[in-house]
Amino acid sequence: MEFSRIFMISCSVLLLCSSLAYGQAASPPAPAAMSPSPTPAPAPAPAYVNLTYLLSVAGPFHTFLDYLESTQVMDTFQNQANNTEQGITIFVPKDSAFKALKKPSLSNLSDDQLKSLILFHGMPKFYSLADFNDLSAKGPISTIAGGQYTLNFTDNSGTVHLDSGWSKTKVTSAVHSTDPVAIYQVDKVLLPEAIFGTDIPPMPAPAPAPDISPSADAPSADSKGSAVG
């Protein structure tokens, strides 16, 4: 009786061990833990270019800056500079260039015409000084004013000349030239034909040479000789 009991217990233990061994062999191996791949860091955003600050610390460009603000063209230029891939190029006359304007006068322009004239000083792309050598061969180049508001360029031994129809001027210095913003100083206000027409006033005639002929009261050489004789 005791032997039968021991035999049954032994069989139960063997059966249990066999079941455990079969279960371990049949269970698939646990998948290896995968480490998460590192997330690439986002590219740094380009620095915001503050055109008001650039024009305030250079110049003096106070008159042009006032026109940018009063016509709200500054908003257009800021958007072109910071929110487009093309960037912007701006030609900035000094205060003395506006003071030199005699005819025509900007005070006679309508609000829309004045805004177009200020927009005429910007181009919807960044151009370095070296780029103007290629532009000189391409004829009229569009400005942010659009339509017929175009400029012609000539690169003369590294000096960039601009022709707006009414105004012939040149770049006298680079205020800022880092992509996406180029700002160049010019010595005249750009006056477009689209506003002022093609009846360009003639250049003032040169002043006459001073009259150095002897006065009527001055004795001549012959009269001096006669008097001596």
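The rules behind the values
- Here the residue index of a chain counts from 1 through its sequence in written order.
- Residues qualify for local features only when their pLDDT is at least 70, as the model is predicted, and side-chain atom pairs are given and counted only at 80 or more; totals for whole chains, interfaces and linings, by contrast, use all residues.
- Each side-chain value is worked out from all heavy atoms of the structure, with water and hydrogens disregarded.
- UniProt positions are given in the numbering used here, feature names are shortened, and annotations may be inferred rather than shown by experiment.
- Strands are runs of DSSP state E lasting at least two residues, helices are runs of H or I lasting at least four, and both sets are numbered from the N terminus onward.
- In this scheme, a residue with accessible area under 20% of its type's maximum is buried, one over 50% is exposed, and one in between is partly exposed, where area comes from a 1.4 Å probe on protein chains only.
- Surface exposure here means Shrake-Rupley accessible area, sampled with a 1.4 Å probe, where a residue is shielded only by the protein chains that are shown.
- Think of each axis as a best-fit line through the C-alpha atoms, taken over the contacting stretch in the case of a helix, with angles from 0 to 180 degrees between the N-to-C directions.
- Note on terminology: angles under 35 degrees are roughly parallel, angles over 145 are roughly antiparallel, angles of 65 to 115 are roughly perpendicular, and the others are oblique.
- By convention the crossing between two helices is left-handed if the near helix lies anticlockwise of the far one by an angle smaller than a right angle, and right-handed if it lies clockwise.
- Working rule for contacts: check all heavy atoms of both residues, and any pair within 4.5 Å makes them a contact.
- Only Asp, Glu, Lys and Arg are considered charged, only Ala, Val, Leu, Ile, Met, Phe, Trp, Tyr, Cys and Pro nonpolar, and every remaining residue, Gly among them, polar.
- Under the rule applied, a polar contact is a pair of N or O atoms within 3.5 Å (in protein, one hydrogen donor and one hydrogen acceptor; residues adjacent in sequence only if both atoms are side-chain atoms).
- Residues belong to one nonpolar core when they are buried, are Ala, Val, Leu, Ile, Met, Phe, Trp, Tyr or Cys, and are joined through side-chain atoms within 4.5 Å.
- In this analysis, strands are considered paired if DSSP registers two or more bridges between them.
- Pairing of aromatic side chains here covers Phe, Tyr and the six-membered ring of Trp, requires ring centres within 6.5 Å, and sorts the geometry by plane angle: under 30 degrees stacked, over 60 edge-to-face, intermediate tilted.

- As annotated in an unreviewed UniProt entry, the chain is FAS1 domain-containing protein from Hibiscus sabdariffa.
- The UniProt entry for the chain carries the following comment under Function (unreviewed entry): "May be a cell surface adhesion protein."
- Per UniProt, the chain carries the Sequence similarities (unreviewed entry) text "Belongs to the fasciclin-like AGP family."

**Thoughts on the overall build of the chain**
- Within the chain one finds 9 helices and 7 strands.
- Per-residue burial over the chain gives 29% buried out of 229 residues.
- When the accessible surface of the chain is summed, it comes to about 15,400 Å², and 58% of that surface belongs to carbon and sulfur atoms.

**Overview of the packing of helix α4 (residues 73–82) against helix α6 (residues 111–119)**
- Between α4 and α6, the least distance of the axes is 10 Å, while the angle of their chain directions is 30°. As summarised for this structure, α4 and α6 are arranged roughly parallel, according to the angle between their axes. For the pair α4 and α6, the crossing hand works out as right-handed. Every residue of α6 that contacts α4 at V73, T76 and F77 is listed here: K115, I118 and L119.
- A breakdown of the residues in the contact of α4 with α6 according to their chemical character gives 4 nonpolar, 1 polar and 1 charged.

**Considering the side chain of T89**
- Position of T89 among the secondary structure elements: in strand β1 (residues 88–93).
- Among the polar contacts listed, one links the side chain of T89 to the backbone oxygen of K125, at a separation of 2.6 Å.
- At 2.8 Å, the side chain of T89 and the backbone nitrogen of Y127 are in polar contact.
- Excluding its chain neighbours within four sequence positions, the residues that come into contact with T89 are H121, G122, M123, K125, F126, Y127, F132, A182 and Y184.

**Quick notes on unusual backbone geometry**
- Along the chain, D179 connects to P180 via a cis peptide bond; the corresponding omega equals 20°.
- You will see that Q72, though not glycine, has its phi angle at about 65°, which is positive.
- Structurally, Q72 is set in the loop between α3 (62–70) and α4.
- In this structure Q72 comes out as exposed when scored by relative accessible area, which is 53%.
- Phi at S157 takes a positive value of approximately 55°, unusual for a residue other than glycine.
- When you line up the elements, S157 lands in the loop between β4 (150–156) and β5 (159–163).
- The exposed category is assigned to S157, whose relative accessible area is 76%.

**Overview of the nonpolar core**
- Among the nonpolar cores identified, the biggest contains 49 residues, and F91 and F153 are the most heavily contacted of them.
- Sorting elements by how many residues they give to this core places strand β7 (residues 181–186) first, with 5 residues.

**Description of the sheet that holds strand β6 (residues 168–178)**
- Pairing within the open sheet is mixed, and its 7 strands lie in the order β2-β1-β7-β6-β5-β4-β3. A single partner strand is all that each edge strand has here, and the edge strands are β2 (122–123) and β3 (141–142).
- Note: β3 against β4, 2 bridges, orientation antiparallel. Looking at the pairing, I141 lines up with L151 of β4.

**What about the packing of aromatic side chains?**
- Following the criterion strictly, the structure yields 9 aromatic pairs and no others.
- Consider the rings of F132 and F153, whose centres lie 5.1 Å apart with planes at 40°: the pair is tilted. Here F153 lies in strand β4 and F132 lies in helix α7 (residues 132–135), a separation of 21 residues in the sequence. Here F132 matches F153 in class, with each residue buried.
- With a centroid separation of 5.8 Å and an interplanar angle of 75°, the aromatic rings of F132 and Y184 are classed as edge-to-face. Of this pair, F132 sits in helix α7 while Y184 sits in strand β7, and the two are 52 residues apart along the sequence. Take F132 and Y184: they sit in the same class, and that class is buried.
- Three or more aromatic residues joined by ring pairs form one cluster here, namely F91, Y127, F132, F153 and Y184.

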